[in-house]
Amino acid sequence: MSALLDIRGVTRRYPQPRRHLLHPEPPLVAVNDVSARIAPGETLGIVGESGSGKTTLARMVMGFETPDEGQVLFDGEDLHDLSAAALRQRRRAFQMIFQDPYGSLDPRRSVGWSVAQPLRAIGQTSNRRAVEDVLHRVGLDPADGNRFPHEFSGGQRQRIAIARAIASRPKLIVADEAVSALDVSVRAQILNLLMDLQEEFGLAMLFISHDLSVVASLCDSLLVLRGGRTVEHGPAQDILAAPATEYTATLLAAARLDPPTGVPA
Amino acid sequence: MRAHRAINLWLGAALVLPMIAIAAISLIWTPYDVTLLDVGNKFAPPSPSHWLGTDQLGRDVASLLMSASVNSLTVAFVAVGMGGSLGVMLGLLASAFGGWVETLVMRLADLGFAFPALLFAIMLATAFGPSLSNAILAIAFINIPVFARVARGAANQVWTRDFVLAGQAAGLGRARLTFDHILPNIAAPIIVQATIEFAVAILAEAALSYLGLGAQPPLPSWGRMLSEAQTLMYLAPELAIYPGLCIIIAVLGFGLLGDGLRDVTDPRLKQVRA
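Cut-off values and rules
Residues numbered from 1 in each chain as written. Chains lettered and ligands numbered in written order. Predicted model: local features only at pLDDT ≥ 70, side-chain atom pairs only at ≥ 80, totals over all residues. Heavy atoms only, no water. Buried < 20%, exposed > 50% of the residue type's maximum accessible area, 1.4 Å probe, protein only. Helix = DSSP H or I, 4+ residues; strand = E, 2+ residues; numbered from the N terminus. Pairing = 2+ DSSP bridges. Right-handed = clockwise from strand over helix to strand, strands pointing away. pLDDT = per-residue confidence, 0-100. Axes fitted to C-alpha atoms, helices over the stretch in contact; angles between N-to-C directions. Contact = heavy atoms within 4.5 Å. UniProt positions renumbered as here; feature names shortened; annotations may be inferred. Parallel < 35°, antiparallel > 145°, perpendicular 65-115°, else oblique. Left-handed = near helix turned anticlockwise from the far one by under 90°. Nonpolar A, V, L, I, M, F, W, Y, C, P; charged D, E, K, R; others polar. Salt bridge = Lys/Arg side-chain N within 4 Å of Asp/Glu carboxyl O. Core = buried A, V, L, I, M, F, W, Y, C linked by side-chain atoms within 4.5 Å.

**Q** Just checking my understanding: could you explain the pairing of strand β7 (residues 172-176) of chain A for this structure?
**A** When a strand is regular, its side chains alternate between the sheet's two faces. Residue and element names in this part refer to chain A. The buried fraction of β7 is high, at 5 of 5 residues. Burial of β7 is two-sided: the residues Leu-172, Val-174 and Asp-176 facing one way and the residues Ile-173 and Ala-175 facing the other way are all buried. Pairing geometry for strand β6 (residues 94-97) and β7, over 4 bridges, is parallel. Note that in β7 the partner of Ile-97 across the bridge is Ala-175. As judged from the 5 bridges shared by β7 and strand β8 (residues 204-209), these two strands associate in the parallel manner. Its bridge partner being in β8, Ala-175 is matched across the sheet by Phe-207. Traced from β7 through helix α6 (residues 184-201) to β8, the parallel crossover comes out right-handed.

Next comes the structure, spelled out in structure tokens:
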């Protein structure tokens, strides 16, 4: 099966401030030669401790950052080889859900305005119905579109963010720690919503989390990162059942210490 | 909101609002015509017919002060408006493009900061003759770098927010993001800065008019009233005191108002609102 998203050996380095007059500081390698593929409708989980390069990888997949080496192919096209205008046109097909539901919605804009943003960007200006539909789909009142983000709880805001992400009917959703900031009870609801939407729209997902227990139930395959390098990569079940490295085993043990998250199997 | 605790805000408003009201009234009515000379009745003491007396030419001082307030407020409004919008545009541009564009704009702003406003006004007056519009241009000019710096600083912070990334993910370009997200979210610090600069502009206009580089006779102006009263200090000190007080009240009022607005809107002072 051809891949929807094909990450080919991407590396991203950040220059570091010089600490010594004569010796330039070696750059920080945030992501080091990482490869992965996602087929349409499939979910790839990326796990790792903080600083392991998960978010940098997500930012490169979203085209916010350009890899120093390697390629990110979406639908067979190298995202970082496209012109700025062409990339903007492709963007409707891959959307992102952010970690902080308080920072990802413009406090000065109504919810409806934010949800409609991806639609306006592709030239759909009369989109009232579409916004109401998508708000309804994520379990909100269609009339909520006229309200402002500060009137909603964290979980509701994350629903709004999901509504915005699916409004342009993308093929891929990148969820960067999408449930980490939420209460455990709300977390399960949001995960269920994501799984329902994935089934309904045939979405592929790149699901980033530091918490293996969240990823476990959701993902077809797993990519374990540490210090920007791939530690393990393979089918989720295999890795969870028999982690090949101590690092993964530690992550798994840490996840098991958490109280049950209520994620349905 | 903590507005009820911001004493500066209310004190500033209490000084500024009556002033604006008086300026508005003077547009349609003043006790006497400000160009009406009554030399036989010069240096009259305050009386029911002349509330603050008359000056060396027998003009009604209260009418002059009222009329001059319009002048001061208009100059400040136009100058801050012009300099502010240009400065904000430059600041947004610098923030949106970064790199050498940002460096260029901010170094030009440094250059503007290094240039004394008075010198610029004298230059304009030398080249094009002293006039109120040249004074406005000079004050507007000194405001450009101030607003460019404030706008760029605030905009740089907003650019790092997730909702801007979300807009970018939706496929919006920098110009669109700037108008949709950046500008609305930097409005608060810009308005605060504008209020403070308003006070500075009123003072600058008074200074320029005092030096004869601003409002030309017969247009009444606090600064010129002050300079005309200077030679009469021993004869009629009150003629210098009245316009001086007006300048103090206006500058203090807008300064306090700006500080108060900052107290209310500054996120660093704001309590977390769930």
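**Q** What is the right way to look at the confidence of the model for chain B in this model?
**A** Low-pLDDT portions of the prediction should not be read for the details of their coordinates. On average, residues of chain B score 88 in pLDDT, and 95% of them reach the 70 mark or higher. Of the two predicted TM-score estimates for the complex, the pTM is 0.84 and the ipTM is 0.86.

**Q** Looking at this structure, I do not really get the sheet that holds strand β10 (residues 229-235) of chain A. What am I missing?
**A** Hydrogen bonds between backbone atoms are what pair the strands of a sheet, whose relative direction is either parallel or antiparallel. Residue and element names in this part refer to chain A. The 6 strands lie next to each other as β6-β7-β8-β3-β9-β10, forming an open sheet whose pairing is mixed. Each edge of the open sheet carries a strand with a single partner, namely β6 and β10. Here the average twist between neighbouring strands, direction ignored, is 15°. Sheet contacts for helix α5 (residues 154-167): β6 and β7; angle to β6, the most-contacted strand, approximately 175°.

**Q** Which parts of the structure should I look at to understand the sheet that holds strand β4 (residues 69-74) of chain A?
**A** All names here are of chain A. Taken together, 4 strands build an open sheet; the order of strands is β2-β1-β4-β5 and the sheet is antiparallel. Both outer strands of the open sheet, β2 (28-38) and β5 (77-78), are each paired with one neighbouring strand and no more. Bridging between strand β1 (residues 5-14) and β2 involves 7 bridges; their strand directions are antiparallel. Along β2, the bridge assignment pairs Tyr-14 with Leu-28. Packed onto the sheet, helix α1 (residues 54-61) meets β1, β2 and β4 and runs at close to 120° relative to β1.

**Q** Even after reading the chapter, I still don't get the UniProt feature "domain: ABC transporter" (unreviewed entry) in chain A, so can you show me in this structure?
**A** Sites flagged by UniProt as "domain: ABC transporter" (unreviewed entry) map to residues 5-252 of chain A. A distance of 27 Å separates the end C-alpha atoms of residues 5-252 of chain A, which is 35% helix and 25% strand.

**Q** I tried to follow the packing of helix α1 (residues 7-28) of chain B against helix α2 (residues 61-97) of chain B on my own but got confused; where do I start?
**A** Residues and elements named next belong to chain B. Closest axis-to-axis distance for the α1/α2 pair is 8 Å, and the angle between their directions is 110°. By the criterion of interaxial angle, the relationship of α1 to α2 is roughly perpendicular. The two elements α1 and α2 meet at a crossing, and its hand is left-handed. When α1 is examined against α2, the residues Met-19, Ile-20, Ile-22, Ala-23, Ile-25, Ser-26 and Leu-27 are found in contact with a partner set consisting of Met-66, Ser-67, Ser-69, Val-70 and Leu-73. Looking at side-chain class alone, the contact of α1 with α2 contains 9 nonpolar, 3 polar and no charged residues.

**Q** Looking at this structure, how should I read helix α3 (residues 111-121) of chain A?
**A** Because an α-helix completes one turn every 3.6 residues, residues spaced three or four positions apart along the sequence face the same direction. Where burial is concerned, most of α3 of chain A is hidden: 10 out of the 11 residues are buried. All of the buried residues along α3 of chain A are Val-111, Gly-112, Trp-113, Ser-114, Val-115, Ala-116, Gln-117, Pro-118, Leu-119 and Arg-120 of chain A. Each element contacted by the buried residues of α3 of chain A is listed here: β6, α4 (128-137) and α5 of chain A together with α6 (162-169) and α7 (174-210) of chain B. Just beyond α3 of chain A, the residue with positive phi is Gly-123 of chain A, at close to 90°.

**Q** What is the right way to read the interface of chain A and chain B from this model?
**A** By a widespread convention, an interface's size corresponds to the accessible area lost as its parts come together. In this assembly, 23 residues from chain A lie in contact with 19 residues from chain B. Run the count over chain A and chain B and you get 0 salt bridges. With 5 residues, α3 of chain A is the single largest residue contributor to the side of chain A that touches chain B. Grouping the amino acids of the side of chain A that touches chain B by side-chain chemistry returns 9 nonpolar, 5 polar and 9 charged.

**Q** Sorry, what's going on with the packing of α2 of chain B against helix α5 (residues 132-159) of chain B here?
**A** Each pair of packed helices can be described by the angle between their axes along with the distance between the axes. All names here are of chain B. Their axes nearest at 5 Å, the elements α2 and α5 cross at an angle of 40°. Once α2 is placed against α5, the crossing between them reads as right-handed. Looking at the contact of α2 with α5 residue by residue, the class counts come to 22 nonpolar, 8 polar and 1 charged.

**Q** When you look at the UniProt feature "domain: ABC transmembrane type-1" (unreviewed entry) in chain B in this model, what are you seeing that I'm missing?
**A** The feature "domain: ABC transmembrane type-1" (unreviewed entry), as given by UniProt, occupies residues 69-258 of chain B in the numbering adopted here. Summarising residues 69-258 of chain B: 84% helix, 0% strand, and an end-to-end C-alpha distance of 19 Å.

**Q** Where do I start with the pattern of salt bridges in this structure?
**A** Between side chains of opposite charge, a pair can form when the charged atoms approach closely. All names here are of chain A. In total, this model carries 24 salt bridges over all chains according to the counting rule given. Residue Arg-12 pairs with Asp-68 through a salt bridge whose shortest N-O separation is 3.5 Å. Placement of Arg-12 in strand β1 and of Asp-68 in the loop between α1 and β4 is noted, with a sequence separation of 56 residues between them. Its relative accessible area of 16% is what places Arg-12 among the buried residues. Looking at Asp-68, the relative accessible area reads 40%, which means it is partly exposed.

**Q** When you look at the nonpolar core in this model, what are you seeing that I'm missing?
**A** Residues and elements named next belong to chain B. Counting 64 residues, the largest nonpolar core has Ile-186, Ile-202, Trp-222 and Phe-254 as the members making the most contacts within it. No other element matches the 12 residues that α2 contributes to this core. With near-sequence residues (within four places) excluded, Ile-202 lies in contact with Ser-72, Leu-73, Ala-76, Trp-222, Ala-250, Val-251 and Phe-254.

**Q** I'm lost on unusual backbone geometry in this one. Help?
**A** Glycine aside, residues mostly have negative phi angles, and peptide bonds mostly take the trans form. Along the chain, Pro-217 of chain B connects to Pro-218 of chain B via a cis peptide bond; the corresponding omega equals 5°. By the secondary structure assignment, Pro-218 of chain B is in the loop between α7 and α8 (222-230). Backbone geometry places Asp-33 of chain A, a non-glycine residue, at a positive phi of 50°. The backbone of Asp-75 of chain A shows a phi angle near 55°, a positive value even though the residue is not glycine. In this fold, Asp-75 of chain A is placed in the loop between β4 and β5.

**Q** Please explain the environment of Leu-104 of chain B as it appears in this structure.
**A** Along the chain, Leu-104 of chain B falls in helix α3 (residues 99-114). In this structure, the C-alpha to C-alpha distance between Leu-104 of chain B and Ala-94 of chain B, residues 10 residues apart in sequence, is 8.2 Å.

**Q** Looking at this structure, I do not really get the UniProt feature "transmembrane region" (unreviewed entry) in chain B. What am I missing?
**A** Residues and elements named next belong to chain B. Under the UniProt annotation, "transmembrane region" (unreviewed entry) lies at residues 7-29, 73-101, 108-128, 134-151, 186-212 and 232-258. Across residues 73-101, helical content stands at 97% and strand content at 0%; the span's end C-alpha atoms are separated by 35 Å. Helix makes up 100% of residues 134-151 and strand 0%, with an end-to-end C-alpha separation of 26 Å.

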